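The residues making up each chain are set out below.
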Amino acid sequence: MRITLERSNLLKSLNHVHRVVERRNTIPILSNVLLRSDGASLEMKATDLDLEITEATPAQVEQAGATTVPAHLLYDIVRKLPDGSEVLLATNTEGTAMTVASGRSKFSLQCLPQSDFPDLTAGSFSHSFRLKATDLKMLIDRTQFAISTEETRYYLNGIFVHTVESKGELKLRAVATDGHRLARADVEAPSGSEGMPGIIIPRKTVSELQKLLDNPDLVVTVEVSDAKIRLTMGSIVMTSKLIDGTFPDYQRVIPANNDKELRVDCQSFAQAVDRVSTISSERGRAVKLALNEGQMTLTVNNPDSGSATEELPVGYDHDPLEIGFNAKYLLDITSQLTGTDAIFMLADPGSPTLVRDLAAEDALYVLMPMRV
């Protein structure tokens, strides 16, 4: 193999694929990126056996071929080369080493044969549809923070995506929960998604996908089966295994009869929570909201370091109520809200609270209270 390509093109593609590669690997080939050149492009592929990303980038191909080299090492080398330079990639005749040359810099990297590189064979997909990158990004952004990190409840370690009928329309819905809070977001269901299986997209896949959806004009092709998902975004193809488990019936935890409405200015509320929680212990992080007509008092008590209170004018005209929440969870939710005001629907100090974004009808959040 002998090819020349722009450093900027090579770096951009490597940046997308090398992140999949785990830093520590017991299987040497999984530390490598597969480079395959033919025609006028270089295709790169990286995998951790659960997630695979491939991307093609333009290149001048003098001699086609394929090999694998250490992914993080190649990325670090290309990253440190000067802007605007051209990079030559050439393998020796035995295929055991690859030269990376640019200007006066020259590196030699050890290769492993491309025949050893695993292929995450996708099989056939039962459903295929196209979705605007902005819609997919919105579904992820609004729900990702609520994904559970508890490995024992592995079926909560991702975003549950499915189609659902809502107010007479078919919606594509994303839901994530960790048992303490729940986030739900909807977009209009694209043609082709009808009847698709409900799927749980793993946390790592969600995180990598979020970084690839940086072009708002992009349209993503989504292909789904019971076990895998494939997303095609321009020259990038991402294939991932899905979490093999049953997502709980989340509808049961969304309260329907919360009758006490609290309206707060999002920014003022978030800043007040942030300020008073400065004093809270890392472990507890509980903030108490005392509600009276037209006013909220936020209180944090920490036996080790002191206490903090702050008052805030709010829209509330029900019986007085005291309820506690995890300050971090409150801030996570308020950071997702796009409107100036948020609506909290409360029942009592021990029941889940519903949070709505006035500017986004298609998003909804549920938060479990804490004892304070």
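Residues numbered from 1 in each chain as written. Predicted model: local features only at pLDDT ≥ 70, side-chain atom pairs only at ≥ 80, totals over all residues. Heavy atoms only, no water.

Undergrad: I'm lost on the overall build of the protein chain in this one. Help?
TA: From N to C terminus, the protein chain includes six helices and 25 strands. When its C-alpha atoms are laid out on the principal axes, the protein chain stretches across 80 × 50 × 35 Å. Residues classed as buried in the protein chain amount to 53% of the 372 residues present. Of the contacts formed within the protein chain by residues at least 6 apart in sequence, a portion of 68% connects residues at least 24 apart. Summing over all exposed atoms, the protein chain offers an accessible surface of approximately 17,700 Å²; the carbon and sulfur share of this is 46%. (Helix = DSSP H or I, 4+ residues; strand = E, 2+ residues; numbered from the N terminus. Buried < 20%, exposed > 50% of the residue type's maximum accessible area, 1.4 Å probe, protein only. Contact = heavy atoms within 4.5 Å. Areas by Shrake-Rupley, 256 points an atom, 1.4 Å probe, with all protein chains shown as cover.)

Undergrad: Hey, could you run me through the nonpolar core in this one?
TA: Counting residues in each nonpolar core, the largest one holds 99 residues, and the members touching the most others are Leu-35, Leu-74, Met-233, Phe-269 and Leu-298. Top contributing element to this core by residue count: helix α5 (residues 266-276), with six residues. By size, the runner-up hydrophobic cluster in this structure holds 14 residues, among which are Phe-160, Leu-182, Tyr-250 and Leu-354. (Core = buried A, V, L, I, M, F, W, Y, C linked by side-chain atoms within 4.5 Å.)

Undergrad: Even after reading the chapter, I still don't get the sheet that holds strand β20 (residues 295-302), so can you show me in this structure?
TA: Within a sheet, neighbouring strands are paired by backbone hydrogen bonds and run either parallel or antiparallel to one another. Reading across the sheet, the four strands line up as β21-β20-β19-β22 and stay open at both edges, with antiparallel pairing between neighbours. The strands lining the two open edges of the sheet, one partner per strand, are β21 (306-313) and β22 (321-326). Pairwise comparison of adjacent strand axes, ignoring direction, gives a mean angle of 20° for this sheet. Judged from the six bridges that link them, strand β19 (residues 286-292) and β22 form a sheet pairing that is antiparallel. Bridge pairing in β22 links Ala-286 to Asn-326. Along the sheet, α5 makes contact with β19, β20 and β21, crossing β21 at roughly 170°. Sheet contacts for helix α6 (residues 327-336): β19 and β22; angle to β22, the most-contacted strand, approximately 85°. (Pairing = 2+ DSSP bridges. Axes fitted to C-alpha atoms, helices over the stretch in contact; angles between N-to-C directions.)

Undergrad: Explain helix α2 (residues 71-80) here, please?
TA: In an α-helix, one full turn covers 3.6 residues, which means residues spaced three or four apart are oriented alike. If you check which residues of α2 are buried, you get Ala-71, His-72, Leu-74, Tyr-75, Ile-77 and Val-78. Where α2 is buried, its residues meet α1 (7-18), β2 (32-38), β6 (65-70), β8 (97-102) and β9 (105-110).

Undergrad: Sorry if this is basic, but what is going on with the packing of helix α3 (residues 133-143) against helix α4 (residues 203-212) here?
TA: How two helices pack is summed up by the angle between their axes together with the distance between the axes. Relative to each other, α3 and α4 sit at 135°, their axes nearing to 10 Å. Taken together, α3 and α4 sit at an angle that is classed as oblique. The interaxial crossing formed by α3 with α4 has left-handed handedness. For the pair α3 and α4, the contacting residues are Leu-136, Lys-137, Ile-140 and Asp-141 in the first and Val-206, Leu-209 and Gln-210 in the second. When grouped by side-chain class, the residues that make up the contact of α3 with α4 number four nonpolar, one polar and two charged. (Parallel < 35°, antiparallel > 145°, perpendicular 65-115°, else oblique. Left-handed = near helix turned anticlockwise from the far one by under 90°. Nonpolar A, V, L, I, M, F, W, Y, C, P; charged D, E, K, R; others polar.)

Undergrad: I would appreciate a short explanation of unusual backbone geometry in the present structure.
TA: Residues apart from glycine generally show negative phi values, whereas peptide bonds are mostly found in trans. Residues other than glycine seldom take positive phi values, yet Leu-49 does so here, at roughly 80°. The topology assignment puts Leu-49 in the loop between β3 (41-47) and β4 (51-58). Since its relative accessible area comes to 36%, Leu-49 is described here as partly exposed.

Undergrad: Honestly, the pairing of strand β12 (residues 169-177) in this entry has me stumped. Any pointers?
TA: As a general feature of sheets, a regular strand has side chains that alternate between the two faces. Here β12 lies mainly inside the structure; seven of its nine residues are buried. Both strand β11 (residues 158-166) and β12 contribute to a ladder of seven bridges, which runs antiparallel. Looking at the pairing, Glu-165 lines up with Leu-170 of β12. The loop that links β11 with its antiparallel partner β12 comprises two residues; one of these, Lys-167, has a positive phi angle of about 50°. Pairing between β12 and strand β13 (residues 181-188): seven bridges, direction antiparallel.

Undergrad: Sorry if this is basic, but what is going on with the environment of Thr-232 here?
TA: Summarising the element assignment, Thr-232 is placed in strand β16 (residues 228-233). Setting aside residues no more than four positions away along its own chain, Thr-232 makes contact with Val-219, Val-220, Thr-221, Glu-223 and Val-237.

Undergrad: Quick question: what am I supposed to make of the sheet that holds strand β10 (residues 127-132) here?
TA: In spatial order, the strands read β6-β2-β3-β4-β17-β16-β15-β10; together these eight strands make up an open sheet with antiparallel pairing. On the outer flanks of this sheet lie β6 and β10, each paired with one strand and no other. Going across the sheet, the axis of each strand differs from the next one's by a mean of 15°, ignoring polarity. Judged from the six bridges that link them, β16 and strand β17 (residues 236-241) form a sheet pairing that is antiparallel. Paired with Met-233 across the bridge in β17 is Ile-236. Set on the sheet, α1 makes contact with β2, β3, β4 and β17; between it and β4 the angle comes to about 170°. Packed on one face of the sheet, α4 meets β4, β16 and β17 and runs near 165° to β17.

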